[in-house]
Amino acid sequence: MIVGFCGSGNMAAAMARGLAGQVDGLLFTDGGSGRAADLASELGGEALASNGELAEQADVVVLAVKPAKLSDAAAELGGVKVVVSLLGATALETLREAFPDAEVVRVMPNVGVEARKGVLCVAGEPDSDVRKLLEGLGHVVELPDSQFDAATAVMGCSPAYLALAVEAIADAGTADGLDPDLARELVVETAAGTAELLRAHDPAALRRAVASPGGSTEAGLEALDREGAREAFEAAVRASLERMRG
Ligand SMILES: NC(=O)c1ccc[n+]([C@@H]2O[C@H](COP(=O)([O-])OP(=O)(O)OC[C@H]3O[C@@H](n4cnc5c(N)ncnc54)[C@H](OP(=O)(O)O)[C@@H]3O)[C@@H](O)[C@H]2O)c1
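Predicted model, so just to flag it, every value in this text is computed and none were measured.

**Q** When you look at the packing of aromatic side chains in this model, what are you seeing that I'm missing?
**A** The description of two aromatic rings rests on the distance between their centres and on the angle between their planes. Summed over the entire model, instances satisfying the criterion amount to one aromatic pair. Pairing Phe 5 with Phe 28 gives two aromatic rings, centres 5.5 Å apart and planes at 15°, and the pair type is stacked. Of this pair, Phe 5 sits in strand β1 (residues 2-6) while Phe 28 sits in strand β2 (residues 25-29); the two residues are 23 residues apart in sequence, bridging distant segments of the chain. Pair check on accessibility: Phe 5 and Phe 28 agree, each one buried.

**Q** Please clarify how the environment of Val 210 should be interpreted in this entry.
**A** Mapped onto the elements, Val 210 comes out in helix α10 (residues 203-210). Residue class for Val 210 comes out partly exposed when judged on its relative accessible area of 49%. Sequence spacing of Val 210 and Ala 102 is 108 residues, and the spatial spacing of their C-alpha atoms is 51 Å.

**Q** Is there a simple way to think about the site of the ligand in this case?
**A** Surveying the vicinity of the ligand reveals 24 residues, the closest of which are Met 11, Gly 31, Ser 33, Val 65 and Gly 88. The separation between an oxygen atom of the ligand and a polar main-chain atom of Met 11 is 2.8 Å. At 2.5 Å from an oxygen atom of the ligand is found a side-chain nitrogen or oxygen belonging to Ser 33. Its free accessible area being 910 Å², the ligand has 81% of it covered by the protein chains. Among the secondary structure elements, those contributing two or more residues to the shell around the ligand are α1 (10-19) and β6 (103-109). Residue composition of the shell around the ligand, by class: nine nonpolar, ten polar and five charged.

The rules behind these values
Residues numbered from 1 in each chain as written. Predicted model: local features only at pLDDT ≥ 70, side-chain atom pairs only at ≥ 80, totals over all residues. Heavy atoms only, no water. Phe/Tyr/Trp six-rings, centres within 6.5 Å; stacked < 30°, edge-to-face > 60°. Helix = DSSP H or I, 4+ residues; strand = E, 2+ residues; numbered from the N terminus. Buried < 20%, exposed > 50% of the residue type's maximum accessible area, 1.4 Å probe, protein only. Near = heavy atom within 4 Å. Polar contact = N/O pair within 3.5 Å; in protein donor to acceptor, adjacent residues only side chain to side chain. Areas by Shrake-Rupley, 256 points an atom, 1.4 Å probe, with all protein chains shown as cover. Nonpolar A, V, L, I, M, F, W, Y, C, P; charged D, E, K, R; others polar.

Written as structure tokens, this is what we have:
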């Protein structure tokens with residue numbers, strides 16, 4: 001399968017890095033910055049001069065422009081057969097109106113796709129080839145279009161929130177005398193192991209298992225409660241959702 005990226009920004013780069021070596025070819029366009037050529041040379045693909053050529057040569061076009069560029073891109077992509085849209089806050093119906101003759105799938109990936117460990121929310125009816133393509137990038141969840149904004153607020157934005165937690169815990173360790181690289185390694189590997197355990201265990205049960213009564217973890221959790229950690233995460237998700245809904 002030849003995959004064409006209309007737009008070569010941050011999300012296209014993450015997804016293309018995850019797909020490199022898994023597909024027959026990668027094609028890229030941009031709005032003139034040269035990022036398409038950079039990605040093509042990094043990943044062994046090809047930068048094309050126009051979206052018309054992209055529509056002609058790609059089996060699937062991944063739409064990775066900003067939502068405001070939807071109508072420009074749709075006009076330039078005439079004749080496209082299959083569109084996988086990554087556009088935030090852009091409903092399936094809007095996409096189908098923009099591409100009336102194409103098979104359209106709406107996908108909300110997170111940056112984990114770069115490591116093939118992403119989460120990808122999917123609306124529409126991907127055929128088996130597109131589904132396989134998406135499954136190669138991580139954990140696929142089919143979701144009604146109406147729940148995409150709420151889902152995005154928890155899976156699209158949260159890599160940044162979790163990165164902040166890792167950074168803050170490692171910084172606290174560094175302040176207490178640990179080498180910064182070692183502190184980061186300790187926290188990152190702990191996060192990876194915790195994620196694995198959370199696949200099988202309820203978060204509250206895991207917290208209870210680590211925090212024995214009167215122990216140091218319990219003292220830490222009490223401090224997090226006092227400082228409003230839970231409320232801060234709730235506020236972050238709410239703020240993301242409000243920004244998304246304009
Ligand atoms: N970043 C994320 O974590 C994330 C997650 C999920 C979904 N998304 C969605 O992914 C989309 C892209 O986001 P992003 O963060 O990657 O944005 P970005 O870094 O600003 O990239 C946008 C890309 O679109 C290109 N472009 C603009 N007009 C074009 C046209 N007519 N034809 C071809 N390319 C064109 C830009 O070209 P230039 O390089 O020339 O400026 C740029 O390469 C958005 O709709 C966003 O909602 C992003």
